[in-house]
Amino acid sequence: MSDLKEFADQLQEEVVSDMAEAYFGERKDLEELIEAYGRMAEDVRALGPRLFEAAARLHRLLLDRETAEAFYVALGVDPAAMPFPDDPPRPFFDRLPFAFTALGRYERCVFRAYDLFRQEADVYLNGRYFIDPEQGKRKRLTPHYVRVKALADHLNAEIDKINRRSVCGALQYVKNMDPEHARQERLMGDTDCQGETLNHDLEFVPIDFEGIGLPVVPELPPLYKVKEKIKAFCGRVWAARREEAVRAMESLLER
């Protein structure tokens, strides 16, 4: 009988140890992933200034917000999703692009500003590959908005799964492995283990992705796909506001 009791006690210890290792191991993994999410979000936030600068440069050439919004509509892009920085852009051109006409020069300025903005938006949204010498020169992808959003969704699914697990239920399961102890507790009426309070204290707070305030920008079509639309739009702006367009180009010249 003593051998059987010893075996049962040993089995109980192993089960309790495995349960604890699994439960707290999952929590530790989740905590580390949440920390990694925070670091990745800050890396993506650091891309914001370059994105805003590129947007401001393009919008300066488009003269005002109303015209810039019309520009995006002409390209089939929702202007409501575009960033419109308040700060004026820094000088950008060391010299204006060559063209046989003043209108052609304006078109090329807008082409270049649009293409650079599209590139910054693509890096922000989708990342860019780089060779990591510490990983045997393997290609890696930089942190980006889409990955941060996907990680937030994954974390919330994991948080919900772990939060649904009752700590009290696990403790009660362990107690029930000792029938005599469980019988005594039922007689004493002590079976709630203050589970609701314990469960609440151990719950993870869901990730509030919108609350971290990362800039939102839509995918922009490549220049070659919208070049003719941009050219036509520039022609309309030039015909109506030529002097303003000239001043906008000159304002982006480095002095």
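Residues numbered from 1 in each chain as written. Predicted model: local features only at pLDDT ≥ 70, side-chain atom pairs only at ≥ 80, totals over all residues. Heavy atoms only, no water.

Draft legend 1. Inspection of the overall build of the chain at higher detail. When helices and strands are tallied, the chain shows nine helices and two strands. Along the chain, helices and strands appear, N-terminal first, in the series α-α-α-α-β-β-α-α-α-α-α. Out of the 255 residues in the chain, the part that is buried amounts to 36%. Expressed as a percentage of contacts within the chain between residues at least 6 apart in sequence, the contacts between residues at least 24 apart total 78%. For the chain, the computed accessible surface area is about 16,200 Å², with 53% contributed by carbon and sulfur atoms. (Helix = DSSP H or I, 4+ residues; strand = E, 2+ residues; numbered from the N terminus. Buried < 20%, exposed > 50% of the residue type's maximum accessible area, 1.4 Å probe, protein only. Contact = heavy atoms within 4.5 Å. Areas by Shrake-Rupley, 256 points an atom, 1.4 Å probe, with all protein chains shown as cover.)

Draft legend 2. View of the environment of Leu61. Mapping Leu61 onto the fold places it in helix 2 (residues 48–61). Once you skip the residues sitting within four places of it in the chain, Leu61 turns out to touch Tyr106, Cys109, Val110, Ala113, Ala248, Met249 and Leu252.

Draft legend 3. Looking closely at the packing of helix 3 (residues 65–74) against helix 9 (residues 223–251). At a minimum axis distance of 10 Å, the contact between helix 3 and helix 9 shows a crossing angle of 150 degrees. What the angle tells us is that helix 3 and helix 9 run roughly antiparallel. Between helix 3 and helix 9 lies a crossing whose hand is right-handed. Touching Thr67, Ala70, Phe71 and Ala74 of helix 3 are Lys229, Ile230, Phe233, Val237 and Arg241, all from helix 9. Split by residue class, the contact of helix 3 with helix 9 holds six nonpolar, one polar and two charged. (Axes fitted to C-alpha atoms, helices over the stretch in contact; angles between N-to-C directions. Parallel < 35°, antiparallel > 145°, perpendicular 65-115°, else oblique. Left-handed = near helix turned anticlockwise from the far one by under 90°. Nonpolar A, V, L, I, M, F, W, Y, C, P; charged D, E, K, R; others polar.)

Draft legend 4. Representation of the state of the cysteines within the structure. Summed over the entire model, instances satisfying the criterion amount to zero disulfides. As a non-bridged cysteine, Cys109 has Cys234 as the owner of its nearest cysteine sulfur, 9.3 Å distant. (Disulfide = S-S within 2.5 Å.)

Draft legend 5. Up close: the side chain of Arg57. Examined against the element boundaries, Arg57 turns out to sit in helix 2. Buried and unpaired, Arg57 has no salt bridge, with Glu53 as the nearest side chain of opposite charge at 4.4 Å. Once residues within four sequence positions are removed from consideration, Arg57 is found in contact with Pro89, Phe92, Leu116 and Leu252. (Lys, Arg positive; Asp, Glu negative; His and termini not counted. Salt bridge = Lys/Arg side-chain N within 4 Å of Asp/Glu carboxyl O.)

Draft legend 6. Layout of the layout of surface pockets. The volume enclosed by the second largest pocket comes to roughly 250 Å³. Considering every element that reaches the lining of the second largest pocket, the biggest residue donor is helix 2, with seven residues. The class makeup of the residues in the lining of the second largest pocket is eight nonpolar, no polar and six charged. (1 Å grid on protein atoms, 1.4 Å probe; cavity = no way out; pocket = protein on both sides within 12 Å on 5 of 7 lines; lining within 4 Å. Points joined across faces, edges and corners; volume = space filled by probe spheres on them.)

Draft legend 7. Broad picture of helix 2. Along its 14 residues, helix 2 runs 20 Å from first to last C-alpha, staying within 8% of the 20 Å computed at 1.5 Å per residue. Where burial is concerned, most of helix 2 is hidden: ten out of the 14 residues are buried. Along helix 2, the residues that are buried comprise Gly48, Leu51, Glu53, Ala54, Ala55, Ala56, Arg57, Leu58, His59 and Leu61. One or two steps after helix 2, the chain reaches Leu63, where phi turns positive at roughly 80 degrees. (Expected span 1.5 Å × (residues − 1).)

Draft legend 8. Region of interest: the pattern of salt bridges. Enumeration over the complete set of coordinates arrives at ten salt bridges. A network of salt bridges, in which partner residues are shared, links Asp64, Arg241 and Glu244.

Draft legend 9. Looking closely at the side chain of His59. Summarising the element assignment, His59 is placed in helix 2. Excluding its chain neighbours within four sequence positions, the residues that come into contact with His59 are Asp64, Ala68, Tyr72, Pro83, Phe84 and Pro85.

Draft legend 10. Summary view of the packing of helix 4 (residues 102–126) against helix 9. The N-to-C vectors of helix 4 and helix 9 enclose an angle of 120 degrees; their axes lie 8 Å apart at closest approach. With respect to helix 9, the element helix 4 is oriented oblique. Between helix 4 and helix 9 lies a crossing of right-handed hand. In this structure, helix 4 uses Ala102, Leu103, Arg105, Tyr106, Glu107, Cys109, Val110, Phe111, Tyr114, Asp115 and Arg118 to contact helix 9, whose residues at the interface are Leu223, Val226, Lys227, Ile230, Lys231, Cys234, Gly235, Val237, Trp238, Arg242, Ala245 and Met249.

Draft legend 11. Quick look at the environment of Pro222. Considering the arrangement of structural elements, one finds Pro222 in the loop between helix 8 (195–202) and helix 9. Considering only alpha carbons, one finds Pro222 and Arg118, 104 residues apart in sequence, at a separation of 7.2 Å.

Draft legend 12. Region of the structure containing the confidence of the model for the chain. When pLDDT is averaged along the chain, the result is 81; 74% of the residues meet or exceed 70. Ranking the helices and strands of the chain by mean pLDDT puts helix 3 first, with 96, and helix 7 (residues 179–188) last, with 50. A low-confidence stretch, residues 14–20 (pLDDT under 50), is modelled with seven contacts involving residues beyond four sequence positions or located in other chains. (pLDDT = per-residue confidence, 0-100.)

Draft legend 13. The arrangement of the nonpolar core in detail. One finds Leu58, Phe71, Tyr106, Tyr114, Phe117 and Ile230 to be the most contacted residues of the largest nonpolar core, which totals 56 residues. Of all the secondary structure elements, the ones that give two or more residues to this core are helix 1 (2–45), helix 2, helix 3, helix 4, helix 5 (145–163) and helix 9. Sequence-distant contacts of Ile230, defined by excluding residues within four places in its chain, comprise Phe71, Leu75, Val110, Phe111, Tyr114 and Leu223. (Core = buried A, V, L, I, M, F, W, Y, C linked by side-chain atoms within 4.5 Å.)

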